[in-house]
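# A look at the structure
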Amino acid sequence: MQNSIADRILNIKKEDYYKKANLHTHSTASDGKEEFDKLIEEAIELGLEHFSIADHNTLEGYKTSKYINNPILIPAVEFDCFYQTSLIHILGYGVDFNNPEINEICTKNKSETEYDIVRLFHSRHPKDAIEKIHKAGGIAVLAHPCCCSVLSLNYLVKKLKSFGLDGIETYYPYNRHRGIIKFHSRKKPHILAERYNLIKTGGTDEHGKLK
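Quick caveat, the model's predicted, so the values are computed rather than measured. (Residues numbered from 1 in each chain as written. Predicted model: local features only at pLDDT ≥ 70, side-chain atom pairs only at ≥ 80, totals over all residues. Heavy atoms only, no water.)

Ranked by size, the top nonpolar core spans 60 residues in total, and within it Phe51, Ile90 and Leu142 carry the most contacts. If we skip the residues at most four places from it in the chain, phenylalanine 51 touches Asn22, Leu23, Thr25, Leu39, Ile40, Ala43, Ile72, Leu73, Ile74 and Leu210. (Core = buried A, V, L, I, M, F, W, Y, C linked by side-chain atoms within 4.5 Å. Buried < 20%, exposed > 50% of the residue type's maximum accessible area, 1.4 Å probe, protein only. Contact = heavy atoms within 4.5 Å.)

Before going further, it helps to spend a moment on the side chain of aspartate 37. When you line up the elements, aspartate 37 lands in helix α2 (residues 36–45). The buried charged residue aspartate 37 lacks any salt bridge partner; its closest oppositely charged side chain belongs to lysine 66, at an N-O distance of 5.3 Å. Within the local environment of aspartate 37, its side chain forms a polar contact with the backbone nitrogen of lysine 66, the two atoms lying 3.2 Å apart. In this view, aspartate 37 contacts Ser65, Lys66 and Tyr67; residues no more than four positions away in its chain are not counted. (Helix = DSSP H or I, 4+ residues; strand = E, 2+ residues; numbered from the N terminus. Lys, Arg positive; Asp, Glu negative; His and termini not counted. Salt bridge = Lys/Arg side-chain N within 4 Å of Asp/Glu carboxyl O. Polar contact = N/O pair within 3.5 Å; in protein donor to acceptor, adjacent residues only side chain to side chain.)

It is worth spelling out the side chain of threonine 201 at this point. Of note, threonine 201 is situated in strand β7 (residues 199–202). Residue threonine 201 is classed as buried on the basis of its relative accessible area of 0%. The contact partners of threonine 201, leaving out residues within four places of it in the chain, are Ile9, Tyr17, Tyr93, Val141, Ile168, Glu169, Thr170 and Tyr171.

Right, let's talk about the sheet that holds strand β6 (residues 167–171) for a bit. If you walk across this open sheet you meet the 5 strands as β3-β4-β5-β6-β7, and the pairing is mixed. Every other strand in the sheet has two partners, leaving β3 (76–83) and β7 as the edge strands with one partner each. Mean inter-strand twist for the sheet, computed between neighbouring axes without regard to direction, equals 40°. Examined bridge by bridge, strand β4 (residues 86–93) and strand β5 (residues 139–142) share 4 bridges and lie antiparallel to one another. When the bridges of β5 are listed, leucine 91 appears paired with valine 141. On top of the sheet, helix α1 (residues 2–10) reaches β4, β5 and β7; it is set at about 65° to β7, its chief contact. Lying over the sheet, helix α8 (residues 153–163) contacts β3, β4, β5 and β6, oriented at roughly 115° with respect to β3. (Pairing = 2+ DSSP bridges. Axes fitted to C-alpha atoms, helices over the stretch in contact; angles between N-to-C directions.)

A cis amide bond links tyrosine 17 with the next residue in sequence, tyrosine 18, at an omega value of 15°. Its place among the elements puts tyrosine 18 in the loop between α1 and β1 (21–22). With a phi angle near 60°, asparagine 57 is a residue other than glycine that sits in the positive phi range. The residue asparagine 57 is located in the loop between β2 (50–51) and α3 (60–64) in this model. We note that glutamine 84 has phi near 55°; this positive angle belongs to a residue other than glycine. With respect to the helices and strands, glutamine 84 occurs in the loop between β3 and β4.

Put into structure tokens, the structure is as follows:
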């Protein structure tokens, strides 16, 4: 799965984000405001060709969705991870949502998908998250890297690469609070993607309706 999903995302062009591809959204399965299947219906109506719902620490939405076999859908999850002194988010794309190993690190408590403070105290180590994503057949991507509260984003990405990181989110709008708490320039993720041969991904991080 890793190679096929990597190839699919590699073939998404920069100009395809966000009109044809949106790989970062959230549903009511975590802290979003729109029902899981309703989001997929909106994506279909908008003519998206590649779409992911990456709920925090859970894959439950995929297990009950009636659209699971729709070709636009790329199963995804966003894990809260803590590394050294920073909370970072690792996205998993193309994962087998029934894989027992990745489900081991998914939350069994709804509050751990919704509330920042609860998620902070139940965060994972990024190495473990990346390993579980790989074992579930997916690829691991660093989400909204400009918001990582580290002195050296290069050091963080290099370290995550040594853990097996496959990609970095480079096409990201930095709206709402993430537009305020950026610690690094928008150019940096593109530079690091090239430096460490990482797959470039993107999405709106929408927590409401798509349209």
